[in-house]
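Residue-level listing of the chains:
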Amino acid sequence: MAVTPTAALVQTLNGIQFGFILFMIASGLTVILGILDVLNLAHGELFSIGAYTAIGVFGFIIGIVGPPGGGVVGTAVFVLAVLAAVLVTAAILLPVGTLFEAVFLRQIYDRDQVYQLVLTFALLLILLDVKKVIWGDSSIRTDAVYSAINTIPTSELVGLNYPTYNVFVILVGSVVVVGLFWFFERTKTGRIIRATAIDREMATAIGVSTDRVFTLVFALGAFLAGFAGAMAVPPTSATLEMGTNPLVLSFVVIVIGGLGSLRGAFVGALLVGVIRSWMITLYPPGEIAAPFAIMALILLVKPEGLFGTWGETA
Amino acid sequence: MPERVDRDGTPAYRFLGVEVTRREAAFLVIGVVFLFVIPDIAGLSDSLQLSVIHQGLLFGFAAVGLNLLLRHTKLTSFGHAAFFGTGAYATAVLARYAGVQSVGLLLLGAIAAATVMAAIIGVLSLRHTGLYFALLTLAFGQLLYAIALGQSALGGSDGLPIRPGPANQPLLFGTAFSPDVYQILTYYLTVVVILIGLFVMYRITQSPFRNALDAIGQERTRARFIGLPVRRYVWAAFVISGIYGGVAGGLYAVVRQYVRPEGTLFFLRSGDILFMAILGGFRTLAGPLIGGVVLVFLQDVGQDVTQYYDFLTGVVLLILVYGFPRGIVGSLRSGGIVNTRLNELRREPSVLSSWGRTAVQSIEQKVAESLTSLRIILFGVD
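Residues numbered from 1 in each chain as written. Chains lettered and ligands numbered in written order. Predicted model: local features only at pLDDT ≥ 70, side-chain atom pairs only at ≥ 80, totals over all residues. Heavy atoms only, no water.

Participant: Explain the pairing of strand β3 (residues 18-21) of chain B here, please?
Facilitator: As a general feature of sheets, a regular strand has side chains that alternate between the two faces. Residue and element names in this part refer to chain B. Burial along β3 is two-sided: the face carrying Val18 and Val20 and the face carrying Glu19 and Thr21 are both buried. The sheet contact formed by strand β2 (residues 10-15) and β3 spans 4 bridges and is antiparallel. Looking at β3, one finds that Phe15 is bridged to Val18. (Buried < 20%, exposed > 50% of the residue type's maximum accessible area, 1.4 Å probe, protein only. Helix = DSSP H or I, 4+ residues; strand = E, 2+ residues; numbered from the N terminus. Pairing = 2+ DSSP bridges.)

Participant: Would you mind showing me how to read the packing of helix α11 (residues 267-280) of chain B against helix α12 (residues 287-305) of chain B here?
Facilitator: Packed helix pairs are characterised by how far apart their axes lie and by the angle those axes make with each other. All names here are of chain B. Look at α11 against α12: their axes get within 7 Å of each other, and the N-to-C directions meet at 115°. With respect to the hand of their crossing, α11 and α12 are arranged in right-handed fashion. Contacts from Asp272, Met276, Ala277, Leu279 and Gly280 of α11 reach α12 at Gly287, Pro288, Gly291, Gly292, Val294, Leu295, Val296 and Gln299. Its residues assigned to classes, the contact of α11 with α12 comprises 7 nonpolar, 5 polar and 1 charged. (Axes fitted to C-alpha atoms, helices over the stretch in contact; angles between N-to-C directions. Left-handed = near helix turned anticlockwise from the far one by under 90°. Contact = heavy atoms within 4.5 Å. Nonpolar A, V, L, I, M, F, W, Y, C, P; charged D, E, K, R; others polar.)

Participant: Where do I start with helix α10 (residues 244-257) of chain A in this structure?
Facilitator: With 14 residues, α10(A) extends 20 Å between its outermost C-alpha atoms, agreeing within 8% with the 20 Å of an ideal straight helix rising 1.5 Å per residue. The buried fraction of α10(A) amounts to 13 of the 14 residues, a majority that puts the element mostly inside the structure. (Expected span 1.5 Å × (residues − 1).)

Participant: It is not clear to me how the domain arrangement of chain B should be interpreted in this structure. Could you clarify?
Facilitator: Note: interface size is frequently given as the accessible area lost on complex formation between the parts. By the assigned domains, chain B splits into domain 1 (48-337) and domain 2 (349-377). Using C-alpha coordinates to define each centre, domain 1 of chain B is positioned 38 Å away from domain 2 of chain B. (Domains from an automatic or database assignment.)

Participant: Would you mind showing me how to read the packing of aromatic side chains here?
Facilitator: We describe a pair of aromatic rings using the distance from one ring centre to the other and the angle between the two ring planes. All chains considered together, the criterion is met by 20 aromatic pairs over all chains. Ring plane angle 45° and centroid distance 6.1 Å describe the contact between Phe20(A) and Phe266(A), whose orientation is recorded as tilted. With Phe20(A) in helix α1 (residues 5-36) and Phe266(A) in helix α11 (residues 262-282), this pair connects stretches of sequence that are 246 residues apart. Exposure remark for Phe266(A): the relative accessible area of 22% places this residue in the partly exposed category. With a centroid separation of 6.3 Å and an interplanar angle of 65°, the aromatic rings of Phe78(B) and Phe275(B) are classed as edge-to-face. Linking Phe78(B) in the loop between α2 (50-73) and α3 (81-97) with Phe275(B) in helix α11, this pair joins segments that are 197 residues apart in sequence. The structure contains a cluster of three or more aromatic residues connected by ring pairs, namely Phe20(A), Phe23(A) and Phe266(A). (Phe/Tyr/Trp six-rings, centres within 6.5 Å; stacked < 30°, edge-to-face > 60°.)

Participant: I tried to follow the pattern of salt bridges on my own but got confused; where do I start?
Facilitator: Side-chain pairing between opposite charges can occur once the charged atoms of the two side chains come close. Residue and element names in this part refer to chain A. Applying the stated criterion to the full structure yields 7 salt bridges over all chains. Between Lys132 and Asp129 there is a salt bridge whose closest N-O contact spans 3.7 Å. Of this pair, Lys132 and Asp129 both sit in helix α4 (residues 113-135), 3 residues apart, roughly one helical turn. Overall, the relative accessible area of 15% leaves Lys132 in the buried class. Look at Asp129 and you get buried, because its relative accessible area is 1%. Salt bridges sharing partners connect three or more residues here, namely Glu101, Arg106 and Asp211. (Salt bridge = Lys/Arg side-chain N within 4 Å of Asp/Glu carboxyl O.)

Participant: Got a minute to help me understand the interface of chain B and chain A in this structure?
Facilitator: With 47 residues of chain B at the interface, the matching set in chain A holds 55 residues. Of the roughly 4700 Å² buried between chain B and chain A, counting both surfaces, carbon and sulfur atoms make up 78%. Contact with chain A buries surface across chain B, with Leu131(B), Tyr132(B) and Leu135(B) losing the most and accounting together for 15% of the total. Taken together, the links from chain B to chain A amount to 1 salt bridge. Between the two partners, chain B and chain A, sit 4 residue pairs in polar contact (both at pLDDT 80 or more). Among the elements that line the side of chain B that touches chain A, the one with the most residues is helix α5 (residues 130-150) of chain B, at 11 residues. Across the side of chain B that touches chain A, the residue classes break down as 31 nonpolar, 10 polar and 6 charged. (Buried area = accessible area lost by both parts, 1.4 Å probe. Polar contact = N/O pair within 3.5 Å; in protein donor to acceptor, adjacent residues only side chain to side chain.)

Participant: Is there a simple way to explain empty space enclosed by the protein in this structure?
Facilitator: Empty pockets left among the atoms are what a rolling probe the size of a water molecule brings to light. All names here are of chain B. All chains considered together, the criterion is met by 1 cavity of 30 Å³ or more. Looking at the largest cavity, its volume works out to about 50 Å³. Contributing to the lining of the largest cavity are Val64, Asn67, Leu68, Arg71, His72, Met201, Thr205, Thr284 and Leu285. Where the lining of the largest cavity is concerned, the elements lending two or more residues are α2 and α6 (179-205). (1 Å grid on protein atoms, 1.4 Å probe; cavity = no way out; pocket = protein on both sides within 12 Å on 5 of 7 lines; lining within 4 Å. Points joined across faces, edges and corners; volume = space filled by probe spheres on them.)

Participant: Would you explain the environment of Ala225(A) in this entry?
Facilitator: Residues and elements named next belong to chain A. Within the element layout of this structure, Ala225 appears in helix α9 (residues 210-232). Once the C-alpha coordinates of Ala225 and Ser48 are considered, the two residues, 177 residues apart in sequence, prove to be 8.2 Å apart. Not counting residues within four places of it along the chain, the set of residues in contact with Ala225 comprises Met24, His43, Leu46 and Phe47.

This is the structure in structure tokens:
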């Protein structure tokens, strides 16, 4: 099969879009891992809660205002809906993250790592059924809500037929990437968090409350997962099991990038996203296996991942 | 014949290299007898199904293998379903494509496949420790799941039946039995395999090899300094634990006569196997087996009672983490939390009310703490 330049470009863009979503999930996971030294198995469930919430908010707003059409009004409705979805997701996931850290995780930092795995796995199971209670166990189709969004023309301006929603995700993803790096490099809170990650005791000695930092970081991670869910859901349907694949793929991403490295997560996510997307046209059965193959390859060459570690976990 | 020896001042008996005190011997006999009479007990009650216990024992057996890594080398494998699934799928492939009918040959195939798989995954993931190792094993497990799901030769998400030959089932001793008899016979086969497996594991944990693994688990660098081939030893332990998983998977396939990716390779199964070890008590030999039966039983009963059985399992795991970190067997043993508390209660029954007060107080304290944290996050001030 001949691959035209346009098709290749579209596939690459798809890959980048998926990569950005992966980055949003993996960044939360890697920040929690780098600072709290906890692998949060419930991260995928937080992701899917974000997705379900976003669908609900979108559906609600569109039910009131009507579907977003083309033109300025349609775009405005859409932007409004997205904003509302993000706000509601934050309103739900920040407190959830806070509670998880303050109530459950804080008690067991000094125990064997395996207990943290059991704990976050228990939370995963509990969230799974909480979702079942709230949203039922049948999948929710979302294309009816979102297909209208794609009628807003964007990429046609440059002579390319590419879904508007994907363009939007890439834009939002870029903003998140820049925002996160800015937060950790330039703001005071970000520096405090990094200091805590590098040397917990020293940070305590100079007056940082590690408890609060940990809570903040977990809440931030939970929000990032939910935000990714809110951005990721449109093209497909939402199911109860939707948390699993992103969770495992973001494991792959953070292993490729190096545990706890934000830069590594970014590079890893784009790498996995693009290569996976190319596989879909070149060799379809390889789609699922490709990320794992990249991971194995990189680990053979560079066992600590592309960018090593960020925090104190050497 | 049993030979009397002295173990730390208590009289003990040594037989086939196994040293037990009288108390332990009694538990052992009760345990073995119990394993053998389960089919009869299961016949008496509707809620207690043989197949459920059987499945619990099989997953628990895989957890016994995992426990070798967890207990001594302090490595947390989160992908042990890979070996369980490899064993099960090897059995299915042999039965379907090679027409192998004998249960023994099918199990040998399962063992061979699991050994190879464990050797490969071990080489790739044992360069790392800690979370990296957990993540890597999980990723490899999920890779196998993806392969089983994607290959039409392996049946995709529908899975593969194990029905070789005209008898439509694997043959025990070259004979086909009626389904009821087959179920009970495979159960006894499982019991025998489990007893052998536990015996082998006991011998391993009494050997210098175990001491080497303990040393590696405590401090790798020092272990290397005293001349232990760390990588090779850990790899050997990994392969052994993988073989246990493979045997369990092969038996599972033979018993159920059907394998699906969801039931054998999915990462939640890996989680189950890991949590069985912890639930039963990962510092004990038979704990993982008991944890396996309890967890599977819990899920089965939960499924009957409510559709929210995951929630139930989750809550049990939470209670386990906070209340009984040594697991069921570890807590019941002398010196365990249950034993200590029972003794206190026997001496002074009024201690019960003070326990209640302490529990309520600590819960109140935690709630207050978390509310404070919430306030800080939301408003930035205390």
